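# Understanding the architecture of this molecule
For reference, the chains in residue letters:
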2 protein chains.
Amino acid sequence: MYRPRTFRTLRSFCYSFTRFSSTAIATELKSAPAIQILRTKAQVRKWRAQQIMKGNSVGFVPTMGALHDGHMSLVRSSLRMNDKTLVSIFVNPSQFAPNEDLASYPRGFDADIAMLAEMRYLPSAAPSRVASPESSSSLSSSAVAETQVDAVFAPTVEEMYPSGIPLEVEAQRGAFVTVEGLSSQLEGAMRPQFFRGVATVITKFLNIIQPERVYFGQKDVQQTVVVKRLVSDLCYGCVVIVVPTTRAANGLALSSRNAYLTDQVREDAAVIYRGLQHAVDTYRTETDAKKIIAAVVDSITEKFAAEDIEYVCVNDLETLEELENVHPLKGAILSLAVRVPNSFGTKTRLIDNVIL
Amino acid sequence: MYRPRTFRTLRSFCYSFTRFSSTAIATELKSAPAIQILRTKAQVRKWRAQQIMKGNSVGFVPTMGALHDGHMSLVRSSLRMNDKTLVSIFVNPSQFAPNEDLASYPRGFDADIAMLAEMRYLPSAAPSRVASPESSSSLSSSAVAETQVDAVFAPTVEEMYPSGIPLEVEAQRGAFVTVEGLSSQLEGAMRPQFFRGVATVITKFLNIIQPERVYFGQKDVQQTVVVKRLVSDLCYGCVVIVVPTTRAANGLALSSRNAYLTDQVREDAAVIYRGLQHAVDTYRTETDAKKIIAAVVDSITEKFAAEDIEYVCVNDLETLEELENVHPLKGAILSLAVRVPNSFGTKTRLIDNVIL
């Protein structure tokens, strides 16, 4: 799961979504990907129109691929709450700076599709149907009761950026979305064009897919704040659902970029979440942001150099205003970024956060 | 039509759309506004969902009110091409600079609704139905065959800008849309935040209304270029329809801001379109932009001071790049802005253009 794989853009997948009722075929179905792979906006619009006609609600999970259990947690939430789920796989150039890792960002389309195809969600009402006496075959019945991802949208860069998309902001032409006031601090301070890229591509996806619900992970907390504001300000009718961070056994937040790390560093990185937990403990008796932050820094510096901590910061949940004191009734976001050694001999940025 | 009217924001209109079949009531209908007035995003979404369920296509005509025959030309195009037409009336604060005329912009909601309610479009197929022998009353039949505006969306500023909208760009927070490369020349050079405001509010409207087609006047030519790019880049599924400029008898392009002018200046302003026509004549034998522009300037300066001409410019139709020579196979936009004396003793900007 952690190894980068080659991205085969030219290979075209087009499995049609079919439902089988016989036991033998239903068993076969469990190992074969029964997911529609959509490559163009026109294909997605057609799929969407079909869902409208059938009265199906649509959940949308945007991803950049290199899927892991964190993404699967978003998918599971969408399967639970919607009739149909569409997952996008698109490494969005406009959120990378020229010096960042667009070219080396982990890609593994085949493995991603396989992982999504294996993903099943059994609605809580289903067990009684599986054991139902009127059902001649519990396996077949179970295969029908389960829901799974209906479609993957994996467009080309040209499909998403008809005006082209050079990485240098000064050279970019065409329509872009910015969320003023929430995009220049924290991650935005380190990556000045990042949230403009995120907001722009999410706007495009919302316009193409028109989902009822869109899913984001709590790990990218500033992204959730930016997207919520975008959805509200640009008057979209959909709901933004934030799903808790999925963590490795040692507490490390799952991230596609963890693929860059050695096993040793992945183990050492346990100090990050441990630090955040210490901070939560500190917050029980302490509202001074400096002391809360110190608890995090102390833990991280057990394994990593202090100068590799890009920021540890306490911010308002909606305005992202930096706080000196946490108001106990309002709470706050405690978030951080740390640069840790990777297997290429350079550094990889890890981010994490907790809500106080 | 040219006099500013007071805007009664608090008065709530809510006529329901009903179809009558008896001759007497159909005649009555002709004078009464049978238009739904929608005030909230939720009302529009409900209206839109009804159209989807009925399989009705929706045409959208965005306006800032103070309607004139130019707007009616857009409405007529929409009635002709769509099952249902929605007109928005919203004076968009984000496209006004602090020193511009947001407060004094002409508003006349009652007159606007009355004008829209009187607007009827008789489909070309209809005449045979009107004269049809199986129809017991040609008047009643005609009332049914005619189409008219179905709904007006007239939201408050708070409804459209949930994060608020101070006029100073530096103080603005929340999501905004910019169209890079097309927003800083011509009108954008004089009004640096104008197209950001236009692009942002159009994005909001498209998200709320989800029309099949959206209508703009050729008079605001740069706006049509910006919106076309926005619709393409942000991956909207709708089509942008550009409707030719409607002109007064003397050639003056209709504009809500013409309400600011005295009769004398409105008469003098005939030199503007006359200049554009001279330029079109010049272009028959001349591709040098300087000479084409000179034809316009010579005409305008017959009545107005040269220093009141803000710009006369020849630009590429898609990129808006300024051209020194017009390529006969590509054509160009010839556009201008002139400041003319108004009845307040200050100056009003008039814009106009022709396609070469």
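The text that follows walks through the structure, step by step, so that each part is easy to find.

Rules behind the numbers
Residues numbered from 1 in each chain as written. Chains lettered and ligands numbered in written order. Predicted model: local features only at pLDDT ≥ 70, side-chain atom pairs only at ≥ 80, totals over all residues. Heavy atoms only, no water. Helix = DSSP H or I, 4+ residues; strand = E, 2+ residues; numbered from the N terminus. Buried < 20%, exposed > 50% of the residue type's maximum accessible area, 1.4 Å probe, protein only. Contact = heavy atoms within 4.5 Å. Areas by Shrake-Rupley, 256 points an atom, 1.4 Å probe, with all protein chains shown as cover. Buried area = accessible area lost by both parts, 1.4 Å probe. Salt bridge = Lys/Arg side-chain N within 4 Å of Asp/Glu carboxyl O. Polar contact = N/O pair within 3.5 Å; in protein donor to acceptor, adjacent residues only side chain to side chain. Nonpolar A, V, L, I, M, F, W, Y, C, P; charged D, E, K, R; others polar. Pairing = 2+ DSSP bridges. Axes fitted to C-alpha atoms, helices over the stretch in contact; angles between N-to-C directions. Parallel < 35°, antiparallel > 145°, perpendicular 65-115°, else oblique. Left-handed = near helix turned anticlockwise from the far one by under 90°. Least-squares fit on C-alpha atoms with pLDDT ≥ 70 in both. Expected span 1.5 Å × (residues − 1). Phe/Tyr/Trp six-rings, centres within 6.5 Å; stacked < 30°, edge-to-face > 60°. Lys NZ or Arg CZ within 6 Å of the ring centre and 35° of its normal. Right-handed = clockwise from strand over helix to strand, strands pointing away.

## Focus: the overall build of chain A
- Across its full length, chain A holds 13 helices and ten strands.
- The buried share among the 356 residues of chain A stands at 56%.
- When contacts within chain A are restricted to residue pairs at least 6 apart in sequence, long-range pairs at least 24 apart make up 73% of them.
- Per element, the accessible surface of chain A, about 15500 Å² overall, is 53% carbon and sulfur.

## Examining the interface of chain B and chain A
- Chain B puts 32 residues into the contact, and the matching count from chain A is 32 residues.
- Note on chain B versus chain A: buried area summed over both sides is about 2500 Å², and carbon and sulfur give 54% of it.
- At the surface where chain B touches chain A, the tally comes to two salt bridges.
- Here Arg196(B) makes a salt bridge to Glu180(A), at a shortest N to O gap of 4.0 Å.
- Viewed at the interface, chain A and chain B are joined by 18 residue pairs in polar contact (both at pLDDT 80 or more).
- Listing elements by their share of the side of chain B that touches chain A, those giving two or more residues are helix H2 (41-54), helix H7 (157-160), strand E5 (174-180), helix H9 (194-209) and helix H10 (221-233) of chain B.
- Ranked by residues supplied to the side of chain B that touches chain A, first place goes to E5(B) with seven residues.
- Within the side of chain B that touches chain A, the residues separate by chemical class into twelve nonpolar, eleven polar and nine charged.
- Here strand E5 (residues 174-180) of chain A pairs with E5(B) via seven bridges, running antiparallel.

## Things to note about the packing of helix H9 (residues 194-209) of chain A against helix H10 (residues 221-233) of chain A
Residue and element names in this part refer to chain A.
- Look at H9 against H10: their axes get within 10 Å of each other, and the N-to-C directions meet at 50 degrees. The orientation of H9 relative to H10 falls into the category oblique. As for how H9 packs across H10, the hand of that crossing is right-handed. When H9 is examined against H10, the residues Phe 194, Phe 195, Val 198, Ala 199, Ile 202, Thr 203 and Leu 206 are found in contact with a partner set consisting of Gln 222, Gln 223, Val 226, Val 227, Leu 230 and Val 231.
- For the contact of H9 with H10, the class distribution of residues is ten nonpolar, three polar and no charged.

## Comments concerning the relation of the copies chain B and chain A
- Under the fitted operation, chain B is carried onto chain A by 0.0 Å of movement along the axis and a turn of 180 degrees, and the coordinates agree to an RMSD of 0.0 Å. What the superposition gives is, in effect, a two-fold axis relating one chain to the other. Distance from the rotation axis, computed per C-alpha, reaches its smallest value in chain B at Val177(B): 2.3 Å.
- The overlap is high: 100% of the interface residues of chain B also sit at the interface in chain A, so the same surface is used on both sides.

## Some details on the sheet that holds strand E6 (residues 213-217) of chain A
All names here are of chain A.
- Sheet architecture is open: six strands sit in the order E1-E4-E3-E2-E6-E7, paired in parallel fashion. Two strands lie at the open edges of the sheet, namely strand E1 (36-38) and strand E7 (239-243), each paired on one side alone. When the angles between neighbouring strand axes are averaged without regard to direction, this sheet yields 25 degrees.
- With six bridges joining them, strand E2 (residues 58-63) and strand E3 (residues 84-89) adopt parallel strand pairing. Within the sheet, the bridge partner assigned to Thr 63 lies in E3 and is Ile 89.
- On the sheet, H9 packs against E2, E3, strand E4 (151-153) and E6 and is oriented at approximately 150 degrees with respect to E2.

## A closer look at H9(A)
Residue and element names in this part refer to chain A.
- In a regular helix each residue adds 1.5 Å, so 16 residues correspond to 22 Å; H9 covers 22 Å between its end C-alpha atoms and thus fits that length.
- With 16 of 16 residues buried, H9 is to be regarded as a mostly interior element.
- Looking one or two residues past H9, Gln 210 carries a phi angle of roughly 45 degrees, positive in sign.

## A short note on the packing of aromatic side chains
- Enumeration over the complete set of coordinates arrives at 14 aromatic pairs over all chains.
- Relative to Tyr105(B), the ring of Phe96(B) has its centre 5.8 Å away and its plane inclined at 80 degrees; by these criteria the two rings are edge-to-face. Side by side, Phe96(B) and Tyr105(B) carry an identical accessibility label, which is buried.
- One aromatic cluster in this structure is built from Phe60(A), Phe90(A), Phe153(A), Tyr161(A) and Phe205(A).
- Across from the ring centre of Tyr161(A), 4.0 Å away, lies the NZ or CZ of Lys204(A), which sits over that ring.

## Considerations on the environment of Ala114(B)
Residue and element names in this part refer to chain B.
- Within the secondary structure, Ala 114 is located in helix H4 (residues 109-118).
- For Ala 114, a relative accessible area of 35% translates into the label partly exposed.
- Separated by 33 residues in the primary sequence, Ala 114 and Thr 147 have C-alpha atoms spaced 16 Å apart.

## Some thoughts on the side chain of Thr203(B)
- Mapping Thr203(B) onto the fold places it in helix H9.
- Assessed through its relative accessible area of 0%, Thr203(B) is described here as buried.
- Every residue in contact with Thr203(B), bar those within four places of it in the chain, is listed here: Leu234(A), Val177(B), Leu230(B), Leu234(B) and Tyr236(B).

## A look at the pattern of salt bridges
All names here are of chain A.
- On inspection of all chains with the given rule, the structure shows 30 salt bridges over all chains.
- Linking Arg 349 and Glu 187 is a salt bridge whose minimum nitrogen-to-oxygen distance equals 2.8 Å. Here the residue Arg 349 occupies a position in strand E10 (residues 347-355), and Glu 187 occupies one in helix H8 (residues 187-190), the gap between them amounting to 162 residues. Both residues of the pair, Arg 349 and Glu 187, belong to the buried class.
- Where salt bridges share partners, they join Glu 187, Glu 310, Arg 339 and Arg 349 into one cluster.

## Description of the environment of Leu167(B)
Residue and element names in this part refer to chain B.
- Examined against the element boundaries, Leu 167 turns out to sit in the loop between H7 and E5.
- Along the backbone, Leu 167 and Glu 100 are 67 residues apart, and their C-alpha atoms lie at a distance of 9.8 Å.
- Apart from residues lying up to four places away in sequence, Leu 167 is in contact with Pro 93, Phe 96, Ala 97, Pro 98, Leu 102, Gln 172 and Gln 193.

## Side note on the pairing of strand E7 (residues 239-243) of chain B
Residues and elements named next belong to chain B.
- Sheet topology places strand E6 (residues 213-217) next to E7; five bridges connect them, and they run parallel. Each bridged residue has a counterpart across the sheet, and for Val 214 the counterpart in E7 is Val 240.
- For the crossover that starts at E6, traverses H10 and ends in the parallel E7, the hand is right-handed.

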